[in-house]
Amino acid sequence: MKLNYQCPICGTPLGYEGLCWKCKSEQDRQSVMNWTAEQIKEKQELLISNIQRLANMEDPEFTIFWQLLSYQNAITPEIQSKALTAEIYYPCEIYYHAPENVRDGLIAALQKTDDSQEANNLMCCLAMQGDDKAMETLLELEKNPRDWRANLYVDPSIYAQCGGWTFNKEGHRIQLNFNTCYPMVKGTLNEVSPVKIGRVREDTCPHCGGHMVDILVLDGRDERLKFLGLDGILTATCCPNCVGFLKGPAFNSFTLDGDVEVFPSELFDGEEKMDCYVRPEDYKALADNLFVLGKMSVPLFYGAASEDVNTIGGFANWVQDWEYTTCPHCGKPMKYLAQIQWDTLFDGTEGTLYIEFCPDCKIVSMQHQQT
Ligand SMILES: [Zn+2]
Ligand SMILES: [Zn+2]
Ligand SMILES: [Zn+2]
């Protein structure tokens, strides 16, 4: 394809006239964030009257649902009860923090079903509802599995993780994500930010010889980041070329004054060496990116439905299934910290990097997913 055109906003060469997909997505998001109270009400009413179309993933309802949830945090108890009445159990995010009567309806449906697919969906819905009774229900099903459990891959405590929490055998609840979300936004050259994406390091990767990169450097002492409970700097370091080809996640430990120790890693195919596809201009693009921490927090699902936003906290947009890493030191599930979309940093890349950490052991994990 001949690239005869340019995106009028960012200058990316294009084979057609108009905005590039990232600028278009950003423009659409801004327009939803600017909806008036009347516009929001109108969309909510449309969703309520056509709730069945949501279950069938039909537009405009499906898109409107994600817009209301991700950019306006405006899924009401009325929408939730309407969905329950229509027996719609997908997408499970409908039921995030739904009221008790809706929760009880979900529990009743789960107790009644003998269909493993429906049980699968209902456990995700309860995970999203997420209160103590939802936990008791999942705990009971973990201790006393029903027949449908044989057709599912994982236990109810793993389903709970899709709501950003889990529980142990004693019924003790463990929170896995943060109740605050900040976006990374394009700043100006040399703008100071407590979160920096992509600091290219001098040391090189043992597999490919390319530069290691501090893919995220975050100063938890900034007022906006107090919710993380980090009294210093967290650094996440990986090889951008190899992180998607490792056996399991990449790990490093960090100290609050900014030091890092990268843990040894193995390539998934058992090979020692890997070609490096990251070019000098890519490292430069990575180092020169303008992302800074946004001034204002955004809804928790802000990053959950887009392929072009980098976020700190809240919910991730898992390309495959949600997956919380077990801390290699203490064995507890790690906390979800951030997602970075590779192609917001340099061209020709795909997939998302999910960054988690163990606050007790000061260990970071990074895992890559793509379609
Ligand atoms: Zn553009
Ligand atoms: Zn490498
Ligand atoms: Zn740990």
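Refer to the structure printed above.
Residues numbered from 1 in each chain as written. Chains lettered and ligands numbered in written order. Predicted model: local features only at pLDDT ≥ 70, side-chain atom pairs only at ≥ 80, totals over all residues. Heavy atoms only, no water.

**Looking at the nonpolar core**
Rules: Side-chain atoms within 4.5 Å are what join buried Ala, Val, Leu, Ile, Met, Phe, Trp, Tyr and Cys residues into a set we call a nonpolar core. Classification of residues uses two cut-offs on accessible area relative to the type maximum, computed with a 1.4 Å probe and protein chains only: under 20% is buried, over 50% is exposed, and between them is partly exposed. In this description a helix means any DSSP run of H or I spanning at least four residues, a strand means any run of E spanning at least two, and both kinds are numbered starting from the N terminus. These domain boundaries are the output of an automatic or database domain assignment. Any two residues whose heavy atoms approach within 4.5 Å are treated as being in contact.
Core analysis: the largest hydrophobic core is formed by 59 residues, its most contacted members being Phe-65, Leu-68, Tyr-89, Tyr-95, Leu-106, Leu-110 and Phe-301. In terms of residue count, the dominant contributor to this core is helix H7 (residues 116-129) (8 residues). Residue assignment places this core across two domains, with domain 1 (75-175) and domain 2 (181-369) each supplying three or more. Excluding residues that lie within four positions of it along the chain, Tyr-95 makes contacts with Gln-80, Ala-83, Leu-84, Ile-88, Tyr-89, Val-102, Leu-106, Cys-125, Met-128 and Gln-129.

**With respect to the coordination of the zinc ion (ligand 2)**
What counts, and what does not: For Na, K and Ca the donor cutoff is 3.2 Å, while for all other metals N, O and S atoms count as donors only within 2.8 Å; water does not appear among the atoms, so some sites may look incomplete. Labels for metal geometry use angle windows, namely 85 to 135 degrees for all angles of a four-donor tetrahedral site, and for square planar (four donors) or octahedral (six donors) sites opposite donors over 155 degrees apart plus all others within 65 to 115; sites meeting none of these are irregular.
Surrounding the zinc ion (ligand 2) are the protein donor atoms Cys-205 (SG), Cys-208 (SG), Cys-239 (SG) and Cys-242 (SG), at 2.2 to 2.4 Å. For the zinc ion (ligand 2), the 4 donor atoms in the first shell make angles of 101 to 114° at the metal, so the coordination geometry reads as tetrahedral. All donors of the zinc ion (ligand 2) come from a single chain, and their spacing in sequence reads C-x2-C-x30-C-x2-C. On the criterion of sequence distance, the pair formed by Cys-208 in the loop between strand E6 (195-204) and strand E7 (211-219) and Cys-242 in the loop between strand E8 (233-238) and strand E9 (250-254) is long-range, its members being 34 residues apart. Cys-242 shares its class with Cys-208; the two are buried.

**With respect to the packing of aromatic side chains**
Basically, it comes down to this: For Phe, Tyr and Trp, rings pair up if their centres lie within 6.5 Å, where Trp contributes its six-membered ring, and each pair is then called stacked (planes under 30 degrees apart), edge-to-face (over 60) or tilted (otherwise). Over a ring means this: the NZ of a Lys or the CZ of an Arg is within 6 Å of the ring centre and within 35 degrees of the ring normal.
Tallied over the full model, the rule gives 16 aromatic pairs. Arranged with centres 6.3 Å apart and planes meeting at 40°, the rings of Trp-165 and Phe-167 form a pair that is tilted. Considered together, Trp-165 and Phe-167 belong to a single accessibility category, that of buried residues. Seen in terms of ring centroids, Phe-178 and Phe-227 are 5.7 Å apart; in terms of plane orientation they differ by 70°. Their pairing is edge-to-face. Here Phe-178 is found in the loop between strand E4 (173-175) and strand E5 (181-186), whereas its partner Phe-227 is found in the loop between E7 and E8, with 49 residues between them in sequence. Residue Phe-178 is classed as buried on the basis of its relative accessible area of 9%. Classification of Phe-227 by relative accessible area gives partly exposed; the value is 22%. Grouped by ring-pair contacts, the aromatic residues Phe-178, Tyr-182, Phe-227 and Phe-357 constitute a single cluster. Just above the ring of Phe-178 sits the side chain of Lys-335; from NZ or CZ to the centre is 5.6 Å.

**Observations regarding helix H5 (residues 77-85)**
To keep things clear, this is the line we draw: Relevant arc is that of directions from the helix axis to the C-beta atoms, nothing else.
Turning to H5, its buried residues are Ile-79, Gln-80, Ala-83 and Leu-84. Looking down the long axis of H5, one finds its buried residues gathered within 135° of arc, a one-sided arrangement. Exposed and facing more than 90 degrees away from the buried side of H5 are Glu-78 and Thr-85. Count one or two residues on from H5 and you reach Glu-87, which has phi positive near 55°.

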